[in-house]
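# Observations on the model geometry
Here is what each chain is made of, one letter per residue.
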Amino acid sequence: AQSVTQPDIHITVSEGASLELRCNYSYGATPYLFWYVQSPGQGLQLLLKYFSGDTLVQGIKGFEAEFKRSQSSFNLRKPSVHWSDAAEYFCAVVPSNDYKLSFGAGTTVTVRA
Amino acid sequence: KAGVTQTPRYLIKTRGQQVTLSCSPISGHRSVSWYQQTPGQGLQFLFEYFSETQRNKGNFPGRFSGRQFSNSRSEMNVSTLELGDSALYLCASSLAGGGQYFGPGTRLTVT
């Protein structure tokens, strides 16, 4: 069955430390891949997207993600987190022949001083 | 460019009532999608419209419906509200083949 998995429900990281959020997908063909961030009570903000080409994608707010076809993964990274990065992060996919986003369950990031 | 706007932002309804939510996409975006977000089920796709046509529909009962107007604005309607319909309803717009950009959502509470 098609699915998107974010293995980590909650991650706590110190301010200034690096962050990596994991995302794995299970689809027949490589889908389009996205990361979104949601602050409490807010909508979702698109951080970055991958359609094809260079497997390392740069996004907004200093985030990047790497697509690894062999591992069916699209992990999100940030070298140095800021307190404002505390939020919930969602990985999402769209099959290349479809229009609807399928989301992972989300990873909540807490940043400690 | 102005982002996706949704009205109202907050809504309280009683079981059995119906509700209409509105979404205005980013200028030039012709695709509008709706999602329901709840703590238990997460983010779930409701439906997607393009040029006033519903192209895709999620696994929701017929009480959930939508439409899109010629200016790409979209509405979704939920009839005969149930307690379980309490959720954040998110609208997203996109250009063909692009990422989806979300509005702030409408928080619906059914009592």
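Quick note: structure is the one above.
About the thresholds
Along each chain, the written sequence defines residue order, and numbers are assigned to residues from 1. Whichever chain is written first becomes A and whichever ligand is written first becomes 1, with later ones labelled in order. Under the rules for a predicted model, residues below a pLDDT of 70 receive no local features and side-chain atom pairs below 80 are neither given nor counted, while totals for whole chains, interfaces and linings still include all residues. Water and hydrogen atoms were dropped before computing side-chain values, which therefore reflect all heavy atoms in the structure. Numbering of helices and strands runs from the N terminus; a helix is a DSSP stretch of H or I covering at least four residues, while a strand is a stretch of E covering at least two. C-alpha atoms define the radius of gyration in this analysis, and the globule rule sets the expected value at 2.2 Å times the number of residues to the power 0.38. Partly exposed describes any residue whose relative accessible area lies between the buried limit of under 20% and the exposed limit of over 50%, with all areas from a 1.4 Å probe on protein chains only and scaled to the type maximum. Here, residues are in contact when the closest pair of their heavy atoms is within 4.5 Å. His is not counted, nor are the chain ends; Lys and Arg add positive charge and Asp and Glu add negative charge. Think of each charge as sitting on NZ of Lys, CZ of Arg, CG of Asp or CD of Glu. The pocket and cavity definitions rest on a 1 Å grid over protein atoms only: a 1.4 Å probe that fits but cannot leave marks a cavity, an open set with protein on both sides within 12 Å along at least five of seven lines marks a pocket, and residues lining either have an atom within 4 Å of a point. Grid points are joined across faces, edges and corners, and a volume is the space filled by probe spheres set on the points. Just so you know the grouping, Ala, Val, Leu, Ile, Met, Phe, Trp, Tyr, Cys and Pro go in nonpolar, Asp, Glu, Lys and Arg go in charged, and all remaining residues, Gly too, go in polar. Nonpolar cores were defined as sets of buried Ala, Val, Leu, Ile, Met, Phe, Trp, Tyr and Cys residues, with membership established by side-chain atoms within 4.5 Å. For two strands to pair, DSSP has to find at least two bridges joining them. Distance and chemistry together define a polar contact, namely a pair of N or O atoms within 3.5 Å, with one atom able to donate a hydrogen and the other to accept it when in protein, and with adjacent residues in sequence counting only for side-chain atoms on both sides.

## A closer look at the overall build of chain B
- Helix and strand content of chain B: zero helices and eleven strands.
- Going from the N terminus to the C terminus, chain B shows its helices and strands as β-β-β-β-β-β-β-β-β-β-β.
- Against the compact-globule benchmark of 13 Å for 111 residues, chain B has a radius of gyration of 13 Å, which places it among compact chains.
- Summarising its shape, the C-alpha atoms of chain B cover approximately 35 × 25 × 25 Å along the three principal directions.
- A buried classification covers 49% of the 111 residues belonging to chain B.
- Put simply, of all contacts in chain B between residues at least 6 apart along the chain, 52% involve residues at least 24 apart.
- Measuring between centres, the 11 positive side-chain charges of chain B sit 5 Å from its 5 negative side-chain charges.

## Looking at the layout of surface pockets
- Each pocket or cavity is described by its volume, and for the largest pocket that value is around 580 Å³.
- Along its surface, the largest pocket is lined by 28 residues, and Gln 37, Gln 41, Gly 42, Leu 43 and Gln 44 of chain B are the ones closest to its centre.
- For the lining of the largest pocket, the elements supplying multiple residues, two or more each, are strand E10 (87-94) and strand E11 (102-103) of chain A together with strand E4 (31-38) and strand E5 (42-50) of chain B.
- Among the elements that make up the lining of the largest pocket, the one with the highest residue count is E5 of chain B (four residues).
- When its residues are assigned to classes, the lining of the largest pocket shows eleven nonpolar, 13 polar and four charged.

## Re the nonpolar core
- With 27 residues, the main nonpolar core has Trp 35, Leu 48, Leu 76 and Tyr 89 of chain A as its most contacted residues.
- For this core, the secondary structure elements donating two or more residues are strand E2 (10-14), strand E3 (19-21), strand E5 (32-38), strand E6 (44-50), strand E8 (64-68), strand E9 (73-78), E10 and strand E12 (107-112) of chain A.
- With four residues, E10 of chain A is the single largest residue contributor to this core.
- With 21 residues, the next largest nonpolar core counts Ile 26, Trp 34, Leu 81 and Tyr 89 of chain B among its residues.

## Some details on the pairing of E8 of chain A
Residues and elements named next belong to chain A.
- Across three bridges, strand E7 (residues 56-58) lies against E8 in antiparallel orientation. Bridge pairing in E8 places Val 57 opposite Ala 65.
- Linkage of E7 to E8, two consecutive antiparallel strands, is achieved through a turn of five residues, within which Lys 61 is found at a positive phi near 60 degrees.
- In this structure, E8 lies alongside E9, joined through five bridges in antiparallel fashion. The residue bridging Glu 64 from the neighbouring strand is Arg 77, located in E9.
- Linking two consecutive strands that pair antiparallel, namely E8 and E9, is a turn of four residues; a positive phi of about 50 degrees is found at Ser 72 within it.

## Things to note about the interface of chain A and chain B
- Between chain A and chain B, the residue contacts involve 16 residues of the former and 18 residues of the latter.
- Taken together, chain A and chain B are joined by three residue pairs in polar contact (both at pLDDT 80 or more).
- Only E5 and E6 of chain A provide two or more residues apiece to the side of chain A that touches chain B.
- Considered class by class, the residues forming the side of chain A that touches chain B number nine nonpolar, four polar and three charged.

## A look at unusual backbone geometry
- A cis amide bond links Thr 7 of chain B with the next residue in sequence, Pro 8 of chain B, at an omega value of -10 degrees.
- For Pro 8 of chain B, the location among the structural elements is in the loop between strand E1 (5-7) and strand E2 (10-13).
- We note that Ser 72 of chain A has phi near 50 degrees; this positive angle belongs to a residue other than glycine.
- Secondary-structure assignment places Ser 72 of chain A in the loop between E8 and E9.
- Judged by relative accessible area, which is 25%, Ser 72 of chain A ranks as partly exposed.

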